[in-house]
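Structural overview
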Amino acid sequence: MILTTLLSRSLLCISLLVITNIWSSFANAAEELGYEVIAERTHKPVLFTQGLLVDGDHFYETSGLYNQSLLVSYPIAEPASTWAKISAPFTKKQPIPNQYFAEGLALLDNKLYVLTWMEKTLLVYDKSTLKHEKSLSYSGEGWGLTTDGKSLIRSDGSATIYFHHPEDFNVIKTLTVKDGDREINQLNELEYANGVLWANIWHDDRILKIDPHTGKVLAQLNLAALKNKVKLDNSEQVLNGIAWDPNHKAFWVTGKQWPKMFLVRITN
């Protein structure tokens, strides 16, 4: 009888522990945001999208891969005919030297800042001409890049976010992104809008809404259904483009070598 009682109590404790762990994982899961697609446009599939931003009536975008990396700009509005949409040239196009794999992109004080993946080099370009002005070095990898208007904010594929001084790219501070107690790794493309940091997760269809002061994940935007609308050929054509459009108060999103871009408005 005593053995039976002890066994029952042990099983009860194990059950309670399992339930507690399950509940804890659900409790840490960030709220899911709703959204609506309010516009779409073509996106050149040649672009292996790494960084994307809106400035006025133009997009600026970096495209990766060695020997193929580019910095380009093109209008948000596109021509009416299908052929013109497909064949329209870039407004400006700047090849990145072949030894670099272009990554994240940020615009600050009329300078375009381009990360490189493994080369530990930040490339700085004049926004008007796309002329290369200087290069700065840093430690680690470069994935995503954005700005809060003062600092340049970098991801490196881990759960860590780095804040850099724009003049010399020295690290000012770092923070760790967490959903509850769980660190979120593989952070990639970044965007800063209305006091909040947004980040997509590499090979994941979610975009996270992050407190830029604490690293806490505030909510998440799951775009799996949107991705399913796009005809894709391989697993590397992942979601990887977030650009805040202040005129529409919505985000343009796309992916590596996607044929489409979508303007997404969050509904809650």
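Look up a bit, the structure's there.
Note that the structure is a prediction, hence the values are computed from the model and not measured. (Residues numbered from 1 in each chain as written. Predicted model: local features only at pLDDT ≥ 70, side-chain atom pairs only at ≥ 80, totals over all residues. Heavy atoms only, no water.)

Some points on the overall build of the chain
Counting its regular elements, the chain contains 3 helices and 23 strands. Here the chain holds 268 residues, and the buried ones make up 46% of them. Accessible surface, the chain as shown: approximately 13300 Å² in total, 55% of it carbon and sulfur. (Helix = DSSP H or I, 4+ residues; strand = E, 2+ residues; numbered from the N terminus. Buried < 20%, exposed > 50% of the residue type's maximum accessible area, 1.4 Å probe, protein only. Areas by Shrake-Rupley, 256 points an atom, 1.4 Å probe, with all protein chains shown as cover.)

A word on the packing of aromatic side chains
For the coordinates displayed, the defined rule picks out 11 aromatic pairs. Note on F59 and W252: the rings are 5.4 Å apart at their centroids and 85 degrees apart in plane angle, and the pair reads as edge-to-face. Here the residue F59 occupies a position in strand 4 (residues 58-63), and W252 occupies one in strand 22 (residues 250-255), the gap between them amounting to 193 residues. One exposure class covers both F59 and W252, and it is buried. Members of the aromatic cluster, connected to one another through ring pairs, are F48, Y66, F101 and W117. Directly above the ring of F90 sits K44, whose terminal nitrogen or CZ lies 5.7 Å from the centroid. Taking NZ or CZ as reference, R154 lies 4.2 Å from the ring centre of Y162, over its face. (Phe/Tyr/Trp six-rings, centres within 6.5 Å; stacked < 30°, edge-to-face > 60°. Lys NZ or Arg CZ within 6 Å of the ring centre and 35° of its normal.)

Quick word on the sheet that holds strand 10 (residues 132-137)
Read from one edge of the open sheet, 4 strands run 7-8-9-10, paired in antiparallel fashion. Edge strands, defined here as strands with exactly one partner in the open sheet, are strand 7 (102-108) and strand 10. Along the sheet, successive strands turn relative to each other by an average axial angle of 20 degrees, direction set aside. By the bridge criterion, 5 bridges tie strand 9 (residues 121-126) to strand 10 in an arrangement that is antiparallel. By the bridge assignment for strand 10, V124 is matched with K134. (Pairing = 2+ DSSP bridges. Axes fitted to C-alpha atoms, helices over the stretch in contact; angles between N-to-C directions.)

Some points on the environment of W244
Within the secondary structure layout, W244 lies in strand 21 (residues 239-245). For the pair W244 and V264, spaced 20 residues apart in sequence, the C-alpha to C-alpha distance is 9.6 Å. For W244, the contacting residues outside a window of four places in its chain are V54, E191, A193, N194, K249, A250 and F251. (Contact = heavy atoms within 4.5 Å.)

Focus: the nonpolar core
W198, I207, L223, F251, V253 and F262 are the most contacted members of the largest nonpolar core, which totals 18 residues. For this core, the secondary structure elements donating two or more residues are strand 18 (196-201), strand 20 (217-222), strand 21, strand 22 and strand 23 (260-266). Top contributing element to this core by residue count: strand 21, with 3 residues. Not counting residues within four places of it along the chain, the set of residues in contact with F251 comprises E191, A193, W198, I242, A243, W244, F262, L263, V264 and I266. Residues I153, I201, L208 and V217 belong to the second largest nonpolar core, which totals 15 residues. (Core = buried A, V, L, I, M, F, W, Y, C linked by side-chain atoms within 4.5 Å.)

Looking at the sheet that holds strand 19 (residues 206-210)
Read from one edge to the other, the open sheet built from 5 strands follows the order 1-20-19-18-17, with strand pairing classed as mixed. The open sheet terminates on both sides in strands that have one partner only, identified here as strand 1 (31-32) and strand 17 (187-193).

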